[in-house]
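Examining the three-dimensional arrangement
Below are the chains, spelled out letter by letter.
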Amino acid sequence: MTETPTANAGNGDNTDVAAMSYEQAREELVAVVNQLEAGNTSLEQSLALWERGEALAARCEAWLEGARQRLDAARAGAEDSGAGPADNGSN
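Residues numbered from 1 in each chain as written. Predicted model: local features only at pLDDT ≥ 70, side-chain atom pairs only at ≥ 80, totals over all residues. Heavy atoms only, no water.

1. Things to note about the overall build of the protein
The criterion, for reference: The numbering of helices and of strands both runs from the N terminus, where a helix is a DSSP run of H or I of at least 4 residues and a strand a run of E of at least 2. Three exposure classes are used, based on accessible area relative to the maximum for each residue type with a 1.4 Å probe and protein chains only: buried under 20%, partly exposed in between, and exposed over 50%. Between two residues, a contact is recorded if the distance between any of their heavy atoms is within 4.5 Å. The Shrake-Rupley method, run with a 1.4 Å probe, gives the accessible areas here. Residue values count only the displayed protein chains as cover.
Secondary structure assignment for the protein yields 2 helices and 0 strands. Looking at the protein residue by residue over its 91 residues, the buried ones come to 19%. Contacts in the protein between residues at least 24 apart in sequence constitute 73% of all its contacts with a sequence separation of at least 6. As presented, the protein carries roughly 6400 Å² of accessible surface, and 53% of it is formed by carbon and sulfur atoms.

Now the structure itself:
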């Protein structure tokens, strides 16, 4: 019983990863890691899973970096408008 988490993991085609949400990529990455840790796969399957995992991890990192940039931009906008969290008007 050595099924891959997705149909694409066994053939090296990871193009679908680019369309995944953070949650989808993270969930599948956990499944890939669990399958690799179980050690019940052939060398070829393990390599395909590893490649899939790398693609999924990169997708998660891209989502996190985008979120970080959005937060930084929001903070910068709040500071520019004088509406920062420390400005509560109680001085």
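2. Remarks on the environment of Arg26
Inspection of the secondary structure puts Arg26 in helix α1 (residues 22–38). Arg26 sits in the partly exposed class, given a relative accessible area of 40%. In the structure, Arg26 is positioned 34 residues away from Cys60 in sequence and 6.5 Å away in space, judged by C-alpha atoms.

3. Overview of helix α2 (residues 43–80)
What sets the pattern is the α-helix's 3.6 residues per turn: residues three or four places apart point alike. Selection rule: One fewer than the residue count of a helix, multiplied by 1.5 Å, yields its expected span.
An ideal rise of 1.5 Å per residue puts 56 Å on 38 residues; α2 measures up with 55 Å between its terminal C-alpha atoms. Among all positions in α2, only Ala48, Leu49, Arg52, Gly53, Leu56 and Cys60 are buried. On its buried face, α2 sits against α1. Two residues or fewer past α2, Gly82 is found with a positive phi of approximately 75°.

4. Side note on the pattern of salt bridges
Here the idea is simple: oppositely charged side chains can pair when their charged atoms come close. Operational definition: Salt bridge criterion: a side-chain nitrogen from Lys or Arg within 4 Å of a carboxyl oxygen from Asp or Glu.
Inspection of the entire model under this criterion finds 4 salt bridges. The shortest N-O distance in the salt bridge between Glu28 and Arg52 comes to 2.7 Å. One end of the pair, Glu28, is in helix α1; the other, Arg52, is in helix α2, and 24 residues separate them in sequence. Residue classification places Arg52 among the buried residues on the basis of a relative accessible area of 0%. Between Arg68 and Glu65 there is a salt bridge, with the nearest N and O atoms lying 2.4 Å from each other. Residue Arg68 and its partner Glu65 are both found in helix α2; the two are separated by 3 residues, about one turn of the helix. A relative accessible area of 40% means that Arg68 is categorised as partly exposed. For Glu65, a relative accessible area of 31% puts it in the partly exposed group. Beyond isolated ion pairs, a larger network of salt bridges with shared partners links Asp16, Glu28 and Arg52.

Take it as geometry only, folks, not as evidence of what the structure does.
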